[in-house]
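Fold and geometry: a report
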Amino acid sequence: MGIHTSVDPETDTIRFLSPDGALCRPMPSSVSDELLLSLYRAMTRARIFDGKAIALQRTGQLGTFASALGQEAVGVGAAAAMAARDVLAPSYRDHAAQFMRGMTMAECLLYWGGDERGSDFARSRLDFPNCVPVATQVAHAVGAAHAFKLRREDRAVVTFVGDGGTANGGFYEALNMAGVWKSPVVIVINNNGWAISTPRALESAAATLAQKGVAVGVEGRQVDGNDVAAVYDTVRQAIDKARAGQGPTLIEALTYRLGDHTTADDATRYRDADLVRREWAREPIARLRAYLIREGAWSEDKEAALQQQCLEEVGQAVSAYLATQPAGSDAMFDHLYATLPPAYDYQRETARRFAPGGGGGHG
Amino acid sequence: MAELSLVEAVNRALAYEMAVDESVLLLGEDIGVNGGVFRATNGLQARFGRERVIDTPLAEGAIAGVAVGMAAMGLKPVAEIQFTGFIYPTIDQMINHASRLRNRTRGRLTCPMVLRSPYGAGIHAPEHHSESPEALFAHMPGLRVVIPSSPARAYGLLLAAMRDPDPVVFLEPTRLYRLFKQEVADDGESLPLDACFLSREGKDATLVAWGAMMQETLAAADALEREGVDVEVIDVATIKPLDVETILRSVEKTGRCVIIHEAPRTAGFGAEIAAEIAERALFSLLAPVKRVAAYDVVVPLSRLERQYIPSVDRIVDAVRSVMEGP
């Protein structure tokens, strides 16, 4: 696959499933019905979690939360293509991918509920935590990938950045470096159409975001981000390529932010409701469900059982999250340095003295 | 033992650690074939190869960012920023990631990186080459900010910085790079971080300085000795976290303190030291604490830079005034 001089959205967008769930080209050999079923379950699980997290925020039981509604195929498809030994450098809207990596729902809730312990993942211990300063995570991914390359380790790094993030200097600098170094990294642009209230058209005059790779010698590909099979297969190929020492790939996944930017946002202020209604016709879960039902691989009974199972799982995670006691004041100091310098003794003591209930307590 | 300039001491420390720890690697602009614009990395690419001494694209923010990624995966990157005037794009990565990765992940991921940069005025360099931004970095929880004042301290402190499990901003006074040589044993012995050095003992007043200003401060101490004033001189060395106890002990002994720094006065790190003294040693003071700092102006171009950098005369004048009392 050569490097294109541009990426043409009319001809180059990779898609297997049409919005109505019909095949628009044969499924790739890497994608079995069994795999599709597992991806379907994962997307459903993420969406049910998402709804519950918003409900918790609305009832004062969770802090600000960034919903991934409608974008589940990007995270699930990309993370499914990763091996456990690979590393994820997420943005802040990537819990669908992080769940695939083993982040628990309770960890996710702890993070958005205001507790650093949510980023102390029990699994995928080398995955980076959520990254809020937009696009700064791309450099981490390139650095981590370079570490693997230098040590001759058979590992790749996948990172997510939004469409708005591609306007940021940090994105360009890191992408450029990855190109020069042939870093084993896959940069996935979650192009959900919106950077809070700023539409894609105001972020860049480029015809596609994938072609931003072209200028720096990095292969750019555009994929229907609401087709989980297309995301999976494209990221899988990019990871194989990275492992083979053939360098980075920039993948633009076209999806849509069906929800608000976060629970602190009200998208009705700047976005036409009709536009969102139209986008619901393209969303990834109904699309795959239609395909699976047509294939005879899914049914209403199975759907009901899955919904029930996910609701129970989310309910258990919520209980675990709500039962987690806040850490004591020492938690602010415990992980600031490997060993807290003596200069901090007075401040830690002060925090203990003024903490509700007397402070102390690690976490 | 060899006579080394400060920049040669930096080079020896880097070489020593690269030889004993294969996780150490260097990255920065023009540090490979060219050996760095000040030659701090001279010969290191030839010795350790292109994979461990990396000429990066010209992008300081990404240099810091990829260093964070490398460090999180167990390497010990030492990133060079060519001049401190170009260090500002790294601040995003240093404040948002390097300094807090350990805290954010409860110790799961760490960031043992060093961000080195030539620092300060006094070499008639062009615009944007002479800044002293140590206070910016000192304000970032989770970082260490270390400034050597001699070849021996550069060698020992840089080794300590590379061995530290947390991120260190290491600011090397350009003015001292080749100003003088000193016997430095290339023995891999580090010096302690988070500790001030007592550079000269005295009983009448405490002079607190760091980096290149140690030159003017020690010269002022000599001049004051000729006037019969016996000053103690403390080289802070690690600005953050501050070893305030050593400073307080000295001030409690002498009762007088003058703080000297090349950075602008307002919100400079001297203010922090003065505040600590006011909070914890006020009743030991026989005179108000004085600061001798650069004026709150933009670093001038070379024709005026000597008037910008606090002079021996200004330091002597400040000490005389505190000796007179309030």
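Cut-offs and rules
Residues numbered from 1 in each chain as written. Chains lettered and ligands numbered in written order. Predicted model: local features only at pLDDT ≥ 70, side-chain atom pairs only at ≥ 80, totals over all residues. Helix = DSSP H or I, 4+ residues; strand = E, 2+ residues; numbered from the N terminus. Rg over C-alpha atoms; globule rule 2.2 N^0.38 Å. Buried ≥ 20, exposed ≤ 12 C-beta atoms within 10 Å, placed from the backbone. Contact = placed C-beta atoms within 7 Å. Nonpolar A, V, L, I, M, F, W, Y, C, P; charged D, E, K, R; others polar. pLDDT = per-residue confidence, 0-100. Pairing = 2+ DSSP bridges. Axes fitted to C-alpha atoms, helices over the stretch in contact; angles between N-to-C directions. Expected span 1.5 Å × (residues − 1). Parallel < 35°, antiparallel > 145°, perpendicular 65-115°, else oblique. Right-handed = clockwise from strand over helix to strand, strands pointing away.

**Quick word on the overall build of chain B**
Across its full length, chain B carries 12 helices and 14 strands. Computed over its C-alpha atoms, the radius of gyration of chain B comes to 19 Å, within 12% of the 20 Å expected for a compact globule of 326 residues. The principal-axis extents of the C-alpha atoms in chain B amount to approximately 60 × 40 × 40 Å. A burial count over chain B gives 58% of its 326 residues as buried. In chain B, 81% of the contacts between residues at least 6 apart in sequence involve partners at least 24 apart.

**Quick notes on the overall build of chain A**
A count of helices and strands for chain A gives 13 helices and 8 strands. Its C-alpha atoms give chain A a radius of gyration of 21 Å, near enough to 21 Å, the size a compact globule of 363 residues would have. C-alpha atoms of chain A, sized along the principal axes, occupy 65 × 50 × 40 Å. Of all 363 residues assigned to chain A, the portion counted as buried reaches 49%. Contacts in chain A between residues far apart in sequence, at least 24 positions, make up 76% of those at least 6 positions apart.

**Describing the interface of chain B and chain A**
Taken together, the 35 residues of chain B in the interface contact 34 residues of chain A. For the side of chain B that touches chain A, the secondary-structure elements that each account for two or more residues are α3 (60-72), α4 (91-98) and α5 (101-104) of chain B. For the side of chain B that touches chain A, the per-class residue count stands at 15 nonpolar, 12 polar and 8 charged.

**Quick notes on the confidence of the model for chain B**
Here chain B shows a mean pLDDT of 97. Residues at 70 or above account for 99%. Reported for the predicted complex are a pTM of 0.96 and an ipTM of 0.96.

**What about the sheet that holds strand β4 (residues 76-80) of chain B?**
Residue and element names in this part refer to chain B. Spatial strand order, β3-β2-β4-β5-β7-β6-β12: 7 strands in an open sheet with mixed pairing. Every other strand in the sheet has two partners, leaving β3 (53-55) and β12 (238-240) as the edge strands with one partner each. Pairs of neighbouring strands in the sheet enclose a mean axial angle of 20°, with direction left out of account. Of the pairings in the sheet, the one linking strand β2 (residues 24-28) to β4 comprises 5 bridges and is parallel in character. Note that in β4 the partner of Leu25 across the bridge is Pro77. The strands touched by helix α1 (residues 6-20) are β2, β4 and β7 (168-173); relative to β2, the strand with the most contacts, the crossing angle is about 135°.

**Description of the environment of Ala317 of chain A**
Residues and elements named next belong to chain A. Note on placement: Ala317 falls in helix α11 (residues 300-323). Residues Ala317 and Leu110 lie 207 residues apart in sequence; the distance between their C-alpha atoms is 9.9 Å. In this structure, Ala317 is in contact with Thr104, Met105, Ala106 and Leu109, ignoring residues within four places of it in sequence.

**Observations concerning the environment of Glu153 of chain A**
Residue and element names in this part refer to chain A. Residue placement: Glu153 occurs in the loop between α5 (136-150) and β3 (157-162). Judged by C-beta crowding, with 14 C-beta atoms within 10 Å, Glu153 ranks as partly exposed. Between the alpha carbons of Glu153 and Arg85 there is a distance of 9.6 Å; along the sequence they are 68 residues apart.

**Quick notes on helix α8 (residues 213-226) of chain B**
Residues and elements named next belong to chain B. If you check α8, its first and last C-alpha atoms are 20 Å apart, about what 14 residues at 1.5 Å a residue would give, namely 20 Å. Within the span of α8, buried status applies to Met213, Met214, Gln215, Glu216, Thr217, Leu218, Ala220, Ala221 and Leu224. After α8 finishes, the residue Gly228 shows a positive phi value of roughly 90°.

**Comments concerning the sheet that holds strand β7 (residues 219-224) of chain A**
Residues and elements named next belong to chain A. The 6 strands lie next to each other as β1-β7-β8-β4-β3-β2, forming an open sheet whose pairing is parallel. Here the strands that pair on one side only, and so sit at the sheet edges, are β1 (13-14) and β2 (87-89). Here α5 sits on the sheet and contacts β2, β3 and β4 (185-191); the angle it forms with β3, its principal contact strand, is near 170°.

**Observations concerning the packing of α3 of chain B against α4 of chain B**
All names here are of chain B. Closest axis-to-axis distance for the α3/α4 pair is 8 Å, and the angle between their directions is 25°. Accordingly, the angle class assigned to the pair α3 and α4 is roughly parallel. Across from Gly61, Ala64, Gly65 and Val68 in α3, the residues of α4 making contact are Asp92, Gln93, Met94, His97 and Ala98. Classifying every residue of the contact of α3 with α4 by side-chain character gives 4 nonpolar, 4 polar and 1 charged.

**A look at the pairing of β7 of chain A**
Residue and element names in this part refer to chain A. Taking burial as the measure, the 6 residues of β7 include 6 buried ones, the bulk of the element. Along β7, one buried face is formed by Glu219, Arg221 and Val223 and the opposite face, lined by Gly220, Gln222 and Asp224, is buried too. Bridge analysis of β1 against β7 gives 2 bridges, and the strand direction is parallel. Bridge pairing in β7 links Ile14 to Val223. Considered for its hand, the β-α-β crossover made up of β7, helix α8 (residues 228-243) and strand β8 (residues 249-254) is right-handed.

**Re the pairing of β8 of chain A**
All names here are of chain A. For β8, the tally of buried residues reaches 6 of 6 residues, placing the bulk of the element in the interior. Here β8 shows two buried faces, one formed by Thr249, Ile251 and Ala253 and the other by Leu250, Glu252 and Leu254. Note: β4 against β8, 6 bridges, orientation parallel. Opposite Ile187, over in β8, you have Leu250 as the bridge partner. As defined by bridge partners, β7 adjoins β8 across 6 bridges and the pair is classed as parallel. Residue Gly220 lies in a different strand from β8, and its bridge partner there is Leu250.

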